[in-house]
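# Analysis of the macromolecular model
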Amino acid sequence: MSLKVYINGTLYDKADAKISVYDHGLLYGDGVFEGIRSYGGRVFRLEQHLDRLWESAQAIWLEIPISRDEMTAAINETLLANEIIDGYIRLIVTRGAGTLGLDPNKTADPQVIVIADTIALYPDEYYENGLDIVTVATQRNHPAALDPRIKSLNYLNNILAKIEGLRAGCVEALMLNHDGEVAECTGDNIFLVRGGALATPPTTAGILAGITRGVVIELAQGAGLAVHEDPLSRRDVYVADECFLTGTAAEVVPVVRIDDRVIGDGKPGPVTRDLMQRFRELTRG
Ligand code: PXG
């Protein structure tokens, strides 16, 4: 059975799921997206992902041509057509096909695309032993230029950082903001554990307000942990007791080495392991 992809109300075979080369999503990265998980046939934190998608679109003057209810129906239809129970959903809204100029007024027909697929998970080893990451030279976009809270199709900032990380032998890379503070990784938010409390950069540090980040903050507070959203330096990271990353694809993944400094005792710590377990129970329990 070929994978079916939703475009503007129609399900196409993957090989036939195509949009124009004049689409400004392709020409300029002009559009927005979301990455969402489905667990046990239920879409995880759908309302929050839709909120973020609509806010991203609002921020770039992009009117999503369908309602939230229609988007929800499109997601369910695409999941069903592909018989996906546990999987990954990618929502994409492009500006649509236009001229070769920047002017979005010369585009028509924003494209609404829903891809539902299985997800290639990180290997178990990452969760058992933790990641080794590096800080890269590519800074996170300055929020005054392009706010990282907007999940736009223009991901070059993160891709450059990702390439730097990969070339250093790391699957994730830590990005700093314009003030040299810790921002986030290329597709994940970062948390530290120190003195039994969590610390994570505030969204004003120039980061994506991750949905998983929000879930982990709730889980931690529910477990009686304090969570501090304060600016963090690289030094704070190096002296942390524990470190972990959160994201839709990664969920909660420990970090045990950063810039060749060992974090804690070099193994995933107890707070991280407890939150991994709580996240697993929430999504699979
Ligand atoms: N920061 C950035 C820059 C992201 O792109 C996150 C943090 C985590 O946010 P969520 O809401 O997912 O907890 C992201 C999300 C992928 C992939 O395929 C990446 C993301 C989402 C889905 C898939 O690598 N990034």
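What counts, and where the lines are drawn
- Residues numbered from 1 in each chain as written.
- Predicted model: local features only at pLDDT ≥ 70, side-chain atom pairs only at ≥ 80, totals over all residues.
- Heavy atoms only, no water.
- Axes fitted to C-alpha atoms, helices over the stretch in contact; angles between N-to-C directions.
- Helix = DSSP H or I, 4+ residues; strand = E, 2+ residues; numbered from the N terminus.
- Parallel < 35°, antiparallel > 145°, perpendicular 65-115°, else oblique.
- Contact = heavy atoms within 4.5 Å.
- Nonpolar A, V, L, I, M, F, W, Y, C, P; charged D, E, K, R; others polar.
- Domains from an automatic or database assignment.
- Buried area = accessible area lost by both parts, 1.4 Å probe.
- Salt bridge = Lys/Arg side-chain N within 4 Å of Asp/Glu carboxyl O.
- Near = heavy atom within 4 Å.
- Polar contact = N/O pair within 3.5 Å; in protein donor to acceptor, adjacent residues only side chain to side chain.
- Areas by Shrake-Rupley, 256 points an atom, 1.4 Å probe, with all protein chains shown as cover.
- 1 Å grid on protein atoms, 1.4 Å probe; cavity = no way out; pocket = protein on both sides within 12 Å on 5 of 7 lines; lining within 4 Å.
- Sits in = over half its atoms within 2 Å of the grid points.

This brings us to the packing of helix 6 (residues 211-222) against helix 8 (residues 270-284). Interhelical geometry of helix 6 versus helix 8 gives an angle of 110° and a closest axis separation of 10 Å. Taken together, helix 6 and helix 8 sit at an angle that is classed as roughly perpendicular. Two secondary-structure elements touch here, helix 6 through Thr212, Val215, Val216, Leu219 and Ala220 and helix 8 through Leu275, Arg278, Phe279 and Leu282. Residues belonging to the contact of helix 6 with helix 8 are distributed by class as follows: seven nonpolar, one polar and one charged.

The domain architecture assigned to the protein chain consists of domain 1 (4-117) and domain 2 (124-284). Placing the centre of domain 1 and that of domain 2 at their C-alpha centroids yields a distance of 26 Å. Here domain 1 packs against domain 2, burying approximately 1700 Å² in sum over the two surfaces, 63% of which is carbon and sulfur. Three residues, Phe33, Tyr39 and Arg52, lead the burial of domain 1 against domain 2; their summed loss comes to 35% of the area buried on that side. Summed over the shared surface of domain 1 and domain 2, the number is two salt bridges. A salt bridge links Arg45 to Glu218; the shortest N-O distance between them is 3.5 Å. Secondary-structure elements contributing two or more residues to the side of domain 1 that touches domain 2 are helix 1 (24-28), strand 3 (31-39), helix 2 (46-59) and strand 5 (87-94). Broken down by element, the residue count for the side of domain 1 that touches domain 2 peaks at eight residues, all from strand 3. Counted by class, the side of domain 1 that touches domain 2 contains eleven nonpolar, eight polar and five charged residues.

Taken together, 20 residues are adjacent to the ligand, and Tyr155, Glu184, Ile211, Thr212 and Thr248 come closest. Between the ligand and the protein, one listed contact pairs an oxygen atom with a side-chain N or O atom of Thr248 at 2.4 Å. In isolation the ligand offers 540 Å² of accessible surface; the protein chains occlude 85% of this area. Among the detected pockets, the ligand sits in the largest pocket. Residue assignment for the shell around the ligand shows that the elements contributing at least two residues are strand 5, helix 6 and strand 13 (242-247). Residue composition of the shell around the ligand, grouped by class: four nonpolar, ten polar and six charged. No fewer than three residues from each of domain 1 (4-117) and domain 2 (124-284) sit in the shell around the ligand.

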